[in-house]
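The residues making up each chain are set out below.
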Amino acid sequence: MVSQGIPEETGYIIFLFAATLALVITLRLVISPRDPRPTPGKKAPFESGQIATGPGRTRFIIQYYPYILMFVVYDVIAMFLFAWALDLRALGAAGTVPILTFMVVALVPLAYALHLAGQRENW
Amino acid sequence: MSDPVSQILQLVTSTYFLEIVVFPGLISIAILGAFFTWFERKLTARVQLRIGPSYSSPVGGILQGFADIIKLLFKELIIPEGADRFFFIMSPVTALIIGAALLGLIPFAPGVQIANVEVGLPAFLAIVTLSPTLVLLAGWSANSKFPFIGGLRALFQQTAYEIPLWLSALGVVMITGTLNLTGIVQFQQNNGWLILPQALGAVLFIVTSTAEMERLPFDLPEAESEIMMGWQAEYPGPLFMLVQGPAFIKLYAFAALFSTLYLGGYLGPAIIPPIVWFFLKTIVIIVAVMLFRSTFPRVRLDQLLRQGWTTLLTLSIVNIVIAYFIVVGLPAI
């Protein structure tokens with residue numbers, strides 16, 4: 001339900017703006033209580049009650065890296081299917097062969113990539 | 001009507017402003033978020049034969065969520081040493097805006113919708129895709145080990161569920177032929193609810209959206225018994241509220257999206273108004289997702305990645321094939 005003269009998209013932006021404004025007011029309320037003399041332990045990173053050692057940003061977990069590589073490619077490929085799905089009623093069976101070719105071309109390398117990703121010794 | 005004062009007055013008094021500020025918008029989101037925190041604690045307590053929160057009001061502690069908000073809001077803001085202050089504060093705030101943006105796209109009743117966007121379904125899924133990035137940013141900026149591990153887990157977990165989530169929604173798009181959420185509901189008004197032809201898609205959608213919400217079978221980034229709430233570990237009281245808030249807003253938004261896509265949204269016999277139908281369906285889904293939390297143990301990251309890329313992906317392709325034959329019809333043999 002839109003009142004006269006306000007386009008839908010503008011209204012949505014106003015909505016996001018209002019959400020941000022509400023948050024800023026909340027944050028302003030929040031930042032009030034302060035500790036004048038904090039102890040050193042108060043600001044130290046949490047390490048289960050021990051004194052924190054070493055850098056906080058440690059090494060990455062590398063063993064799942066192939067999945068990220070696959071994700072970068074196949075997330076985009078999954079988007080292409082939406083264009084076909086939206087027009088499926090108009091296309092009917094005529095769009096079957098191209099999309100089937102597309103799926104086979106996409107999924108066979110995926111199966112091989114999954115096979116490689118399962119072999120830990122490669123990484 | 002051209003001067004700005006009367007234009008602003010017209011805007012403030014419009015039903016549109018009321019929608020943004022009061023009902024599907026901000027105030028109702030805040031109240032329902034607080035209500036769902038209480039509801040989850042009470043439900044989990046019932047499952048575990050406990051009583052749950054009971055002090056903060058005469059009726060079963062129903063004001064507990066609001067009491068928690070007031071308590072957390074007036075705590076001191078402690079930012080850990082060496083943390084990146086900007087990203088540390090920015091990521092939960094952005095997550096809350098994202099949560100509110102999701103609910104702006106849902107049709108709650110005929111005409112009660114903040115933005116009837118033509119590409120509502122992909123817009124919803126695209127906005128929600130940002131949240132693991134924010135989790136990673138929050139975990140990295142805290143300069144602490146547990147948050148960093150949690151953030152990385154969110155990144156890896158996203159690769160497992162993101163594609164099955166989009167592909168399970170693809171089945172709905174194939175059958176309805178529209179990306180508009182109101183259009184999807186109107187299609188179901190004429191052709192019946194999509195839960196029957198898309199049963200497999202509905203199951204996949206709820207599993208992958210549970211992973212997207214980081215709720216219990218898939219709550220690896222914030223596993224409290226392994227990595228101490230993960231990426232949320234370093235957040236002080238007020239920011240912790242901003243971290244927990246989006247979790248419940250996302251639960252509400254995903255339950256609303258599920259009932260829109262598969263359960264006919266606001267449709268139902270005219271005895272009850274449409275908005276009540278919508279909330280009945282949404283609350284059923286919310287209860288189901290909350291019961292997952294009390295029922296299933298947490299999966300391991302490598303299990304989730306492997307199953308996401310094999311089982312979930314295969315099943316979502318099977319679902320696409322089912323949707324294809326529903327639309328095009330079985331070939332005459």
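Residues numbered from 1 in each chain as written. Chains lettered and ligands numbered in written order. Predicted model: local features only at pLDDT ≥ 70, side-chain atom pairs only at ≥ 80, totals over all residues.

A short note on the overall build of chain A
Line of reasoning, step 1. The helix and strand inventory of chain A stands at 5 helices and 0 strands.
Line of reasoning, step 2. Tracing chain A from N to C terminus, the helices and strands come up as α-α-α-α-α.
Line of reasoning, step 3. The buried share of chain A, reckoned over its 123 residues, is 12%. (Helix = DSSP H or I, 4+ residues; strand = E, 2+ residues; numbered from the N terminus. Buried ≥ 20, exposed ≤ 12 C-beta atoms within 10 Å, placed from the backbone.)

Side note on the overall build of chain B
Line of reasoning, step 1. The secondary structure content of chain B amounts to 13 helices and 0 strands.
Line of reasoning, step 2. Beginning at the N terminus, the succession of helices and strands in chain B can be written as α-α-α-α-α-α-α-α-α-α-α-α-α.
Line of reasoning, step 3. On C-alpha atoms alone, chain B measures out to a radius of gyration of 21 Å, which is about the 20 Å that the 2.2 N^0.38 rule sets for 333 residues.
Line of reasoning, step 4. Of all 333 residues assigned to chain B, the portion counted as buried reaches 53%.
Line of reasoning, step 5. In chain B, 76% of the contacts between residues at least 6 apart in sequence involve partners at least 24 apart. (Rg over C-alpha atoms; globule rule 2.2 N^0.38 Å. Contact = placed C-beta atoms within 7 Å.)

Points about helix α8 (residues 181-191) of chain B
All names here are of chain B.
Line of reasoning, step 1. Of all the positions in α8, only Leu181, Thr182, Ile184, Val185 and Gln188 are classed as buried. Mapping the buried residues of α8 onto a view down its axis gives an arc of 160°, with all of them on the same face. For α8, the exposed residues set more than 90 degrees away from the buried face come down to Asn190 and Asn191.
Line of reasoning, step 2. Here the buried face of α8 lies against α6 (120-141), α7 (145-176) and α11 (237-261).
Line of reasoning, step 3. A positive phi of about 90° marks glycine 192, the residue just after α8. (Arc of directions from axis to C-beta.)

Side note on the interface of chain A and chain B
Line of reasoning, step 1. Of the residues lining the interface, 49 residues belong to chain A; the matching set on chain B comes to 57 residues.
Line of reasoning, step 2. Listed by contribution, the elements that provide at least two residues to the side of chain A that touches chain B are α1 (8-30), α2 (40-43), α3 (65-86) and α4 (88-91) of chain A.
Line of reasoning, step 3. Counting residues per element, the side of chain A that touches chain B draws most heavily on α1 of chain A, which supplies 13 residues.
Line of reasoning, step 4. Within the side of chain A that touches chain B, the residues separate by chemical class into 33 nonpolar, 7 polar and 9 charged. (Nonpolar A, V, L, I, M, F, W, Y, C, P; charged D, E, K, R; others polar.)

Details of unusual backbone geometry
Residue and element names in this part refer to chain B.
Line of reasoning, step 1. In this model, asparagine 143 sits at a positive phi of 55°, which is unusual for a non-glycine residue.
Line of reasoning, step 2. Inspection of the secondary structure assignment puts asparagine 143 in the loop between α6 and α7.
Line of reasoning, step 3. Judged by the 21 C-beta atoms lying within 10 Å of it, asparagine 143 is buried.
Line of reasoning, step 4. Here the phi dihedral of glutamate 214 falls at roughly 60°; this positive angle occurs in a residue that is not glycine.
Line of reasoning, step 5. Judged by C-beta crowding, with 23 C-beta atoms within 10 Å, glutamate 214 ranks as buried.

A short note on the environment of glycine 111 of chain B
Line of reasoning, step 1. The topology assignment puts glycine 111 of chain B in the loop between α5 (85-103) and α6.
Line of reasoning, step 2. Taking C-alpha positions, glycine 111 of chain B is 18 Å from threonine 178 of chain B, a pair spaced 67 residues apart along the chain.

Section: the packing of α5 of chain B against α6 of chain B
All names here are of chain B.
Line of reasoning, step 1. Their axes nearest at 9 Å, the elements α5 and α6 cross at an angle of 165°. Considered as vectors, α5 and α6 are oriented roughly antiparallel to each other. As for how α5 packs across α6, the hand of that crossing is left-handed. Judged by residue contacts, Phe87, Phe88, Ser91, Pro92, Thr94, Ala95, Ile98, Ala101 and Leu102 of α5 engage Phe124, Ile127, Val128, Leu130, Ser131, Leu134, Leu137, Ala138 and Ser141 from α6.
Line of reasoning, step 2. Of the residues that constitute the contact of α5 with α6, the class distribution is 14 nonpolar, 4 polar and no charged. (Axes fitted to C-alpha atoms, helices over the stretch in contact; angles between N-to-C directions. Parallel < 35°, antiparallel > 145°, perpendicular 65-115°, else oblique. Left-handed = near helix turned anticlockwise from the far one by under 90°.)

Thoughts on the confidence of the model for chain B
Residues and elements named next belong to chain B.
Line of reasoning, step 1. With 98% of its residues at a pLDDT of 70 or more, chain B shows a mean pLDDT of 86.
Line of reasoning, step 2. For chain B, the element scoring lowest by mean pLDDT is helix α1 (residues 4-12), at 72; helix α9 (residues 199-212) scores highest, at 92.
Line of reasoning, step 3. On the interface metric, ipTM, the complex scores 0.78, and its pTM is 0.85. (pLDDT = per-residue confidence, 0-100.)

What to know about the nonpolar core
Line of reasoning, step 1. Counting 119 residues, the largest nonpolar core has Ala169, Leu251, Tyr252, Ala253 and Ala255 of chain B as its most contacted members.
Line of reasoning, step 2. Top contributing element to this core by residue count: α7 of chain B, with 19 residues. (Core = buried A, V, L, I, M, F, W, Y, C linked by C-beta atoms within 7 Å.)

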